[in-house]
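Residue strings, one per chain:
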Amino acid sequence: AKTMGDATCGYWAPDAKGGRPSLFVGCLKGLNRYLRPRADGTFVDASVELGLDQRIFNTRGISIVDLNGDGAADAIFSNEGQESNILLG
């Protein structure tokens, strides 16, 4: 396990193909994380693939919804001390 900062929230994101859900973890004083499930029941940290390693968001809440209607899940991060951020698709 890696130090993740102070985890403040999590969101189980459903898989569009009916597979196991992924987990988003919002953190203060650290990078947010995206954990993708493996077939063996463990998770792999796929945060870099989404670009979550580029910025500390200070996230207090996460929501996953298809904001632009393209069929792909979009992530909304509600952050402390800064504007909310949206990651599309």
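Preceding this paragraph is the structure being described.
The shown structure was predicted, so the numbers you read here are calculated from the model rather than taken from an experiment.

**Side note on the overall build of the chain**
Here is step 1 of the chain: Across its full length, the chain holds 1 helix and 7 strands.
Here is step 2 of the chain: Starting at the N terminus, the α and β elements of the chain follow one another as β-β-β-β-α-β-β-β.
Here is step 3 of the chain: Over its C-alpha atoms the chain spans a radius of gyration of 13 Å, differing by no more than 12% from the 12 Å that the globule rule assigns to 89 residues.
Here is step 4 of the chain: Seen through its C-alpha atoms, the chain measures out along the principal axes to roughly 35 × 35 × 20 Å.
Here is step 5 of the chain: A total of 89 residues make up the chain; the buried ones form 30% of that total.
Here is step 6 of the chain: The contacts of the chain with a sequence gap of at least 6 include a subset with a gap of at least 24, amounting to 28%.
Here is step 7 of the chain: Of the accessible surface of the chain, which amounts to about 5500 Å², a share of 51% is contributed by carbon and sulfur atoms.

**Focus: a nonpolar patch on the surface**
Here is step 1 of the chain: A surface patch of nonpolar side chains, amounting to about 360 Å² of accessible area, comprises Val-65, Leu-67, Ile-86 and Leu-88.
Here is step 2 of the chain: In this structure, Leu-88 sits in the segment after β7 (85-87).

**Describing the sheet that holds strand β2 (residues 22-28)**
Here is step 1 of the chain: With respect to topology, 4 strands assemble into an open sheet ordered β1-β2-β3-β4, the strand pairing being antiparallel. Edge positions in the open sheet fall to β1 (6-13) and β4 (43-45), since each of these has one partner strand only. Each strand of the sheet is rotated relative to its neighbour by a mean of 25°, with strand direction disregarded.
Here is step 2 of the chain: Pairing between β1 and β2: 7 bridges, direction antiparallel. Following the sheet pairing, Tyr-11 is matched in β2 by Phe-24.

**Let's talk about the pattern of salt bridges**
Here is step 1 of the chain: Scanning the entire structure with this criterion turns up 3 salt bridges.
Here is step 2 of the chain: Residue Asp-45 is joined to Arg-33 by a salt bridge in which the shortest nitrogen-to-oxygen separation is 3.7 Å. One end of the pair, Asp-45, is in strand β4; the other, Arg-33, is in strand β3 (residues 33-37), with 12 residues separating them in the sequence.
Here is step 3 of the chain: For Arg-33, a relative accessible area of 14% corresponds to the buried category.
Here is step 4 of the chain: A salt bridge links Glu-49 to Arg-36, with the shortest nitrogen-to-oxygen separation between them at 3.1 Å. Taken together, the positions of Glu-49 in helix α1 (residues 47-50) and Arg-36 in strand β3 put the pair 13 residues apart, joining distant regions of the chain.

**Considerations on the nonpolar core**
Here is step 1 of the chain: Cys-9, Ala-13, Phe-24, Tyr-34, Ala-46, Leu-52, Phe-57, Ile-62, Ile-64, Ala-75 and Phe-77 form the largest nonpolar core, which has 11 residues in total.
Here is step 2 of the chain: Those elements that provide at least two residues to this core are β1, β5 (59-65) and β6 (74-79).
Here is step 3 of the chain: Filtering out sequence-adjacent residues up to four positions away, Cys-9 remains in contact with Phe-24, Val-25, Gly-26, Thr-59, Arg-60, Gly-61 and Ile-62.

**Notes on the packing of aromatic side chains**
Pairs of aromatic rings are described using the distance from one ring centre to the other and the angle between the two planes.
Here is step 1 of the chain: In the structure shown here, the tally under the stated rule is 4 aromatic pairs.
Here is step 2 of the chain: Consider the rings of Trp-12 and Phe-43, whose centres lie 5.9 Å apart with planes at 50°: the pair is tilted. With Trp-12 in strand β1 and Phe-43 in strand β4, the pair connects residues that are 31 residues apart, well separated along the chain.
Here is step 3 of the chain: Among the aromatic residues, those joined into a ring-pair cluster are Phe-24, Tyr-34, Phe-57 and Phe-77.

Calculation criteria
Residues numbered from 1 in each chain as written. Predicted model: local features only at pLDDT ≥ 70, side-chain atom pairs only at ≥ 80, totals over all residues. Heavy atoms only, no water. Helix = DSSP H or I, 4+ residues; strand = E, 2+ residues; numbered from the N terminus. Rg over C-alpha atoms; globule rule 2.2 N^0.38 Å. Buried < 20%, exposed > 50% of the residue type's maximum accessible area, 1.4 Å probe, protein only. Contact = heavy atoms within 4.5 Å. Areas by Shrake-Rupley, 256 points an atom, 1.4 Å probe, with all protein chains shown as cover. Patch = residues over 30% accessible without salt bridge, like charges linked within 9 Å, V, L, I, M, F, W, Y side chains within 5 Å. Salt bridge = Lys/Arg side-chain N within 4 Å of Asp/Glu carboxyl O. Pairing = 2+ DSSP bridges. Axes fitted to C-alpha atoms, helices over the stretch in contact; angles between N-to-C directions. Core = buried A, V, L, I, M, F, W, Y, C linked by side-chain atoms within 4.5 Å. Phe/Tyr/Trp six-rings, centres within 6.5 Å; stacked < 30°, edge-to-face > 60°.

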